[in-house]
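# Structural overview for review
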Amino acid sequence: MDLPDSPARIGAATGSVRQGVVLAFLAFVFYSLSDASVKLLRGALPPFELVFLGALLGVLVVPLVKRPDERWSDLLRASSRLMWCLRAVAAVASSVFSVIAFTRLSMAEAMALLFLMPAFVTILSVLFLHEAVGWRRWSAVVTGFAGVLIVLRPGLEPFTFGHLSAILGAFSAAVTIVILRKLGPTEKRISLYGAGLVGPIVASFVIASPHLLLPTPRQWLFVLGYGVLAAFANVLLMFASERAPASQVAPQQYSQMLWAIGLDAALFDIGIDLPMILGSLVIIGSGLFTFERERVRKPRWWSRVLLIRTR
């Protein structure tokens, strides 16, 4: 039998982590293509209707999320009904605001602002998880917002509803992460996933139903791309989180900026200027520093793995 620290066991663990990192990278490729599908629709469908259809398609992967010891009814069950409902509301908000952001902004600009999420997580962790945050992470928060100012160029470029939506999307995603970390040890995985589906399906349908539009065959392709790609990306990210620690899975999301720049150029003929590059680097750097400090300090929620992306 191999000893716990034997070369064979260490090699197996290293291989598992490598697999997790690769799966995470592929997951964020799928997410980027899903986001591109939103932009390809060019606002032809109302945001709430698109979120409703996307969440409905997310039901397809529930069998892959469900564990053998979980029941289908657990999709709607939670030991903390209030927190489950808050998770559902935050899922609706993050999805809708993200759709609006990608519809109205370039993919790179929307992505850069959505990368404010780690800064919001730090602030919310202090307020609701009572986590002690030192000057280094507070500096990362300030740096992240400074990067936003570089991207937005106040006084030189107009501040639009698309920019506000991206920032609110980042905040809503941060709320969801804090809730997931709070509920992680007590709730079943399918319950956490179910809140992220049921909320958008019910709330978005209620709001969108008076103004539903029938997508054209071409639009259906992009709707399918938005919903199916995001759903399978969630599954890949879940598998990645089971194989590699959060400190190596989470930073892979920043590869989305490269995909956003490439897709902007290839599909939408949108370039990127120097302030956008500098601001994005500042925001990404602050986020990576935050992840590194979390890895070193291991706050109380560190072992509570984020199972799915929050938008």
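See above for the structure.
Predicted model, so just to flag it, every value in this text is computed and none were measured.

For the coordinates displayed, the defined rule picks out five salt bridges. The residue Lys188 makes a salt bridge to Asp74 at a minimum N-O spacing of 3.1 Å. You can see Lys188 sitting in the loop between helix H8 (161-183) and helix H9 (189-208) and its partner Asp74 sitting in the loop between helix H3 (62-65) and helix H4 (81-104), a full 114 residues away along the chain. Overall, the relative accessible area of 36% leaves Lys188 in the partly exposed class. Among the salt bridges present, the one from Arg153 reaches Asp273, with a minimum N-O distance of 2.7 Å. You can see Arg153 sitting in the loop between helix H7 (135-152) and H8 and its partner Asp273 sitting in the loop between helix H12 (255-267) and helix H13 (274-297), a full 120 residues away along the chain. Arg153 gets classed as buried once you look at its relative accessible area, which sits at 18%. Overlapping salt bridges bring together Asp74, Arg77 and Lys188 as one network.

Our next topic: helix H5 (residues 107-114). By the criterion of burial, H5 is predominantly enclosed, with eight of the eight residues buried. All of the buried residues in H5 are Met107, Ala108, Glu109, Ala110, Met111, Ala112, Leu113 and Leu114.

Here we take up the environment of Leu53. In this fold, Leu53 is placed in helix H2 (residues 47-58). As for Leu53 and Val223, which are separated by 170 residues in sequence, their C-alpha atoms are 7.3 Å apart.

How each quantity is defined
Residues numbered from 1 in each chain as written. Predicted model: local features only at pLDDT ≥ 70, side-chain atom pairs only at ≥ 80, totals over all residues. Heavy atoms only, no water. Salt bridge = Lys/Arg side-chain N within 4 Å of Asp/Glu carboxyl O. Helix = DSSP H or I, 4+ residues; strand = E, 2+ residues; numbered from the N terminus. Buried < 20%, exposed > 50% of the residue type's maximum accessible area, 1.4 Å probe, protein only.

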